[in-house]
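The chain contents come next:
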Amino acid sequence: GAGVSQSPSNKVTEKGKDVELRCDPISGHTALYWYRQSLGQGLEFLIYFQGNSAPDKSGLPSDRFSAERTGGSVSTLTIQRTQQEDSAVYLCASSLRLAQETQYFGPGTRLLVL
Amino acid sequence: GENVEQHPSTLSVQEGDSAVIKCTYSDSASNYFPWYKQELGKRPQLIIDIRSNVGEKKDQRIAVTLNKTAKHFSLHITETQPEDSAVYFCPPDMGRRALTFGSGTRLQVQP
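Residues numbered from 1 in each chain as written. Chains lettered and ligands numbered in written order. Predicted model: local features only at pLDDT ≥ 70, side-chain atom pairs only at ≥ 80, totals over all residues. Heavy atoms only, no water.

Side note on the pairing of strand β6 (residues 56-59) of chain B
By the bridge criterion, 4 bridges tie β6(B) to strand β7 (residues 62-67) of chain B in an arrangement that is antiparallel. The partner of E56(B) across the bridge, within β7(B), is T65(B). (Pairing = 2+ DSSP bridges. Helix = DSSP H or I, 4+ residues; strand = E, 2+ residues; numbered from the N terminus.)

As for the state of the cysteines
Residue and element names in this part refer to chain B. One pass over the structure, following the stated rule, counts 2 disulfides over all chains. Residue pairing for C23: its cysteine sulfur links by disulfide to C90, the two sulfurs lying 2.1 Å apart. Handedness of the C23-C90 disulfide follows from its S-S torsion of about 85°: it is right-handed. Here the residue C23 occupies a position in strand β3 (residues 19-25), and C90 occupies one in the loop between β9 (86-89) and β10 (105-110), the gap between them amounting to 67 residues. Taking relative accessible area as the criterion, C90 reaches 0% and is therefore assigned buried. (Disulfide = S-S within 2.5 Å. Buried < 20%, exposed > 50% of the residue type's maximum accessible area, 1.4 Å probe, protein only.)

Observations regarding the pattern of salt bridges
Applying the stated criterion across every chain yields a total of 7 salt bridges over all chains. Close ionic contact of D24(A) with R22(A) constitutes a salt bridge, the shortest N to O distance being 2.8 Å. For D24(A), a relative accessible area of 23% translates into the label partly exposed. Overall, the relative accessible area of 38% leaves R22(A) in the partly exposed class. In this structure, D49(B) engages K57(B) in a salt bridge whose closest nitrogen and oxygen atoms are separated by 3.0 Å. Take D49(B): its relative accessible area is 14%, and that puts it in the buried class. (Salt bridge = Lys/Arg side-chain N within 4 Å of Asp/Glu carboxyl O.)

With respect to the packing of aromatic side chains
For the structure on display, the rule yields 14 aromatic pairs over all chains. Ring centres of Y35(A) and F105(A) lie 5.6 Å apart, and the angle between their planes is 40°; on these two criteria the pair is classed as tilted. Remark: F105(A) occurs in strand β9 (residues 104-105) and Y35(A) occurs in strand β4 (residues 31-37); sequence separation between them is 70 residues. The burial state of Y35(A) is the same as that of F105(A); both residues are buried. When the centroid spacing of 5.9 Å and the interplanar angle of 70° are considered together, the rings of F89(B) and F101(B) count as edge-to-face. Of this pair, F89(B) sits in strand β9 while F101(B) sits in the loop between β9 and β10; the two residues are 12 residues apart in sequence, bridging distant segments of the chain. Site record: aromatic cluster; members linked through ring pairs are Y33(A), Y35(A), F45(A), Y48(A), F105(A), Y36(B), F89(B) and F101(B). (Phe/Tyr/Trp six-rings, centres within 6.5 Å; stacked < 30°, edge-to-face > 60°.)

Description of unusual backbone geometry
For the peptide bond that leads from S7(A) to P8(A), omega is -10°, which places it in the cis range. Put simply, H7(B) and P8(B) share a cis peptide bond, and its omega is -5°. Its place among the elements puts P8(B) in the loop between β1 (4-7) and β2 (10-14). One non-glycine residue, K71(B), lies in the positive phi region at around 60°. Here K71(B) shows up in the loop between β7 and β8 (72-77). Residues other than glycine seldom take positive phi values, yet E79(B) does so here, at roughly 45°.

Pasting the structure below:
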């Protein structure tokens, strides 16, 4: 079946602009995660959604970052007033349930803020 | 949150040698221990995992061992090949929140 997909694959924007990144998880997966990975660095947790529960936003670096998951499926990560330090690869993952399950990652969106 | 330490941070081996990466965690509630591999420019993928009721698990050239008393688990790769070159992550799962991936271990297999 189809894996996790993300769009766009690449995004170049100017400092101060807003961007929206999209994630389509694997069908039937109740948990969805967003991570950020700067060049040569590890994965930084941003936010996760589990079913109808309130999302865990504890990893969001600032209030410029927000995310939604509509209908328990597609998720959008929004970065407002982008800064150069926001440049990174944004990875989305989904799993069948929140805990003790394999996380399946999407290909990521490479964001470059000029 | 969970504190995770991986050792070494970088590892270079000759093709055919073995490689061992150790992951130390702090939360005794952790009960699921996965290893993810991320090749350059690609997405992370699970390569092996182990649960707390098992001490060792093997899958062809890779194996994971768990020491819950000492709070560490290790990835063992035998007969390394150039395609094993990647960054390896060990995010222990407490079952309560998203995983902490950390910075990983960069393995370079020299042909």
